[in-house]
Amino acid sequence: MIIWSRFATVQFNDTWNRRLYEQNPILGMRTFEIGLAAFAPIEDSTEFYVEWQWGGLNGRGLKVRVTEHNSVEIDSEVWIS
């Protein structure tokens, strides 16, 4: 019974994360946030900053570049958590 209580609290009561079950205005339905991603071009270069976060605790930021053959290569790791 203890295992079920913990499972039910984490999955259904959402006392630990209120953002988990937000209504998505674009889709018009309830969505489940599992991660975030963002990118931005670095001025005057073919490089981009790319980051993603998941689970609310883990994340990674990279500097990537676009090659002359239009493929993406990792230039350096900026941060990791």
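Within each chain, residue numbers correspond to sequence positions counted from 1 in written order. The predicted origin of the model limits local features to residues at a pLDDT of at least 70 and limits the giving and counting of side-chain atom pairs to 80 or more, whereas totals for whole chains, interfaces and linings rest on all residues. Computation of side-chain values covers all heavy atoms of the structure but excludes hydrogens and water.

**Quick notes on the overall build of the protein**
Broken down by element type, the protein carries one helix and six strands. The cut-offs for exposure are 20% and 50% of the maximum accessible area for each residue type, with area from a 1.4 Å probe on protein chains only; residues under the lower value are buried, those over the upper are exposed, and the others partly exposed. Taken across its 81 residues, the protein has 15% of its residues classed as buried. The contacts of the protein with a sequence gap of at least 6 include a subset with a gap of at least 24, amounting to 6%. Accessible surface is estimated by sampling points in the Shrake-Rupley manner with a 1.4 Å probe; for residues, cover comes only from the protein chains shown. When the accessible area of the protein is evaluated, it comes to approximately 6,900 Å², of which 59% is carbon and sulfur surface. Under the DSSP-based scheme used, a helix requires at least four consecutive residues in state H or I and a strand at least two consecutive residues in state E, with every element numbered from the N terminus. By definition, residues are in contact when any of their heavy atoms lie within 4.5 Å.

**Re the pairing of strand β5 (residues 58-66)**
Note that strand β4 (residues 47-54) and β5 share eight bridges and pair antiparallel. Residue Phe-48 lies in a different strand from β5, and its bridge partner there is Val-64. Alignment of β5 against strand β6 (residues 72-80), held across seven bridges, turns out to be antiparallel. Pairing of Gly-61 across the sheet is with Trp-79, part of β6. Note on pairing: DSSP must find at least two bridges between two strands before they are called paired. Counting the residues in the hairpin turn of β5 and β6 gives five residues, including Asn-70, whose phi is positive at 60 degrees.

**Description of the pairing of β4**
Bridge count for strand β3 (residues 35-41) against β4 is seven bridges, and the pairing is antiparallel. If you follow Pro-41 over to β4, its bridge partner there is Phe-48. Here β3 hands over to β4 after five residues, with Asp-44 in that stretch at a positive phi of 60 degrees.

**Details of the sheet that holds β4**
Judged by pairing direction, the sheet is antiparallel, and its four strands sit side by side in the order β3-β4-β5-β6 without closing on themselves. Two strands in the sheet have a free side with no partner beyond their single neighbour: β3 and β6. Each neighbouring strand pair of the sheet contributes to a mean axis angle of 20 degrees, computed without reference to strand direction. As a rule, the C-alpha atoms of each element are fitted with a line to give its axis, helices using only the stretch in contact, and angles between N-to-C directions run from 0 to 180 degrees.

**Quick look at the pattern of salt bridges**
Should a side-chain nitrogen of Lys or Arg be within 4 Å of a carboxyl oxygen of Asp or Glu, the pair is scored as a salt bridge. Evaluated as defined, the whole model comprises four salt bridges. Close ionic contact of Lys-63 with Asp-75 constitutes a salt bridge, the shortest N to O distance being 3.6 Å. With Lys-63 in strand β5 and Asp-75 in strand β6, the pair connects residues that are 12 residues apart, well separated along the chain. For Asp-75, a relative accessible area of 32% translates into the label partly exposed. Arg-65 is the salt-bridge partner of Glu-73, the closest N and O atoms lying 3.5 Å from each other. According to the relative accessible area criterion, Glu-73 is partly exposed, its value standing at 36%. One network of salt bridges, with partners in common, ties together Lys-63, Arg-65, Glu-73 and Asp-75.

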